[in-house]
Amino acid sequence: MNHNRDFVTALPVNKQAGTVDSEVFDAAIIGGGLAGLTLAISLAKANHRVVLFEKEKYPFHRVCGEYISLESWNFLEHLGVPLSEFDLPIIRKLVVSAPDGTILEHGLPLGGFGISRFKIDQVMAELAISNGVQLMEEAKVTEVLFTGSAFSIQCGGQNYQAKVVCGAFGKRSNLDVRWQRHFVQRKPNKLNNYIGVKYHIKTDAPADTIALHNFSHGYCGVSRIEEGKYCLCYLTTAQNLETCDHLISRMEKEVLQKNPVLRKIFENAEIIYQQPLTISQVSFEQKSLIERHILMVGDASGMITPLCGNGMSIAIHGAKIAAELITGFLSGNISRQQLEADYVNNWNALFKKRLLTGRLIQKFFGREWITNIFIRVIKPFPALISYLIRQTHGEPF
């Protein structure tokens with residue numbers, strides 16, 4: 001895998017796993033993606049003592065669509081992320097192509113912006129450190145035990161103590177499997193057996209547009225990020241890859257490029273990565289928000305289908321909610337039981353309907369003939385398209 005470390009400078013040296021402070025942390029966060037970093041920074045700014053475990057070393061790439069709804073812009077800047085200084089593309093238009101090449105175009109009522117995870121995660125990790133977060137890189141947590149009043153976190157042969165623990169470990173982790181979370185135990189089906197593939201490319205496409213190109217049992221998003229580059233990220237079934245002898249290049253040629261729009265992109269684009277980034281066993285099943293008294297945030301709490309283009313904003317907003325409630329608990333204003341109940345209620349009130357809508361829309365994108373018909377049917381009805389977009393996006397927070 002090519003990590004393309006020329007994108008941004010490396011992080012300042014921070015602690016590695018295995019360095020233990022005897023003092024109990026107020027909060028421990030497992031996973032340093034957008035949700036984990038947002039939560040860590042928010043809690044540190046509220047003067048809580050925070051440790052963040054990340055199994056990789058910053059900066060690094062993640063399989064992700066790299067489009068963030070503008071509902072998150074003001075909050076991220078308030079947090080200290082200088083988005084206005086980055087000259088980022090503001091995305092106002094949506095283009096959708098059916099497998100047969102039929103194209104639908106529509107404006108995005110709120111819109112979004114493009115930025116690579118390589119860049120924003122690194123910037124936020126630096127921000128976390130500057131706010132006093134103890135960032136543990138290359139630190140894989142192997143177990144978390146609740147003792148009744150606090151947690152013991154096992155990592156790198158050491159134990160760490162914390163009053164609150166949050167799981168921000170993404171789509172699927174060793175802890176999900178170890179704890180036998182419900183979605184891990186489900187048999188492979190249409191919602192839980194996807195693979196994701198991502199490239200950064202150079203191509204000739206409008207900077208203000210996010211495109212979603214459908215193919216048999218999958219879809220591919222293309223949108224601009226910083227430095228004139230584009231993110232190309234697609235999701236498809238594991239079966240698609242299996243029928244192509246597990247060869248990504250063959251699947252792209254024989255499956256994705258049956259869509260004439262995608263064929264043109266692959267033929268003309270300059271792919272920056274030497275090898276694609278991949279992830280498997282992606283699940284859109286409903287997930288528990290509390291597991292062993294651990295609050296789940298980001299993709300660990302549930303995923304909206306990528307075709308709705310709003311997962312990162314949900315992760316950021318969900319972390320904001322968790323931070324506010326954890327501060328209430330640590331200040332003695334609410335009990336642990338109330339913390340957990342309020343988190344579940346607030347999260348569901350904001351996001352449950354959006355995730356359900358995403359799963360419903362996903363049912364119309366899979367089989368070629370259904371997708372072709374669906375796009376042709378809704379194309380003459382812009383009001384319906386606007387309605388579906390509003391159902392998967394929130395308001396600025």
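Residues numbered from 1 in each chain as written. Predicted model: local features only at pLDDT ≥ 70, side-chain atom pairs only at ≥ 80, totals over all residues. Heavy atoms only, no water.

A. Structural context of the nonpolar core. By size, the foremost hydrophobic cluster in this structure holds 82 residues, and its most contacted members are I29, L39, L83, F113, M124, I326 and Y343. Here this core takes 11 residues from helix α9 (residues 311-330), the largest share from any one element. Setting aside chain neighbours within four positions, we find I326 in contact with L39, L43, V164, C166, L295 and L339. Membership of the second largest hydrophobic core comes to 26 residues, among which are F215, L232, C233 and Y273. (Core = buried A, V, L, I, M, F, W, Y, C linked by side-chain atoms within 4.5 Å. Buried < 20%, exposed > 50% of the residue type's maximum accessible area, 1.4 Å probe, protein only. Helix = DSSP H or I, 4+ residues; strand = E, 2+ residues; numbered from the N terminus. Contact = heavy atoms within 4.5 Å.)

B. How the structure looks around unusual backbone geometry. Cis geometry is found at the peptide bond from Y58 to P59, where omega equals -5°. Turning to its location among the elements, P59 is positioned in the loop between β2 (50-53) and β3 (67-69). Of note, N47 is a non-glycine position whose phi angle comes to about 70°, a positive value. Position of N47 among the secondary structure elements: in the loop between α1 (34-45) and β2. Phi is positive for H293, close to 70°, though the residue is something other than glycine.

C. Expanded view of the pattern of salt bridges. Taken as a whole and assessed by the stated rule, the structure comprises 15 salt bridges. In this structure, D121 and R117 form a salt bridge, with 3.0 Å as the shortest nitrogen-oxygen distance. Note that D121 and R117 are positioned in helix α3 (residues 117-130) at a spacing of four residues, about one turn of the helix. Per residue, the accessibility class of D121 equals that of R117, and both read buried. In this structure, K320 and E324 form a salt bridge, with 2.8 Å as the shortest nitrogen-oxygen distance. Taken together, the residues span about one helical turn, with K320 and E324 both in helix α9 at a distance of four residues. (Salt bridge = Lys/Arg side-chain N within 4 Å of Asp/Glu carboxyl O.)

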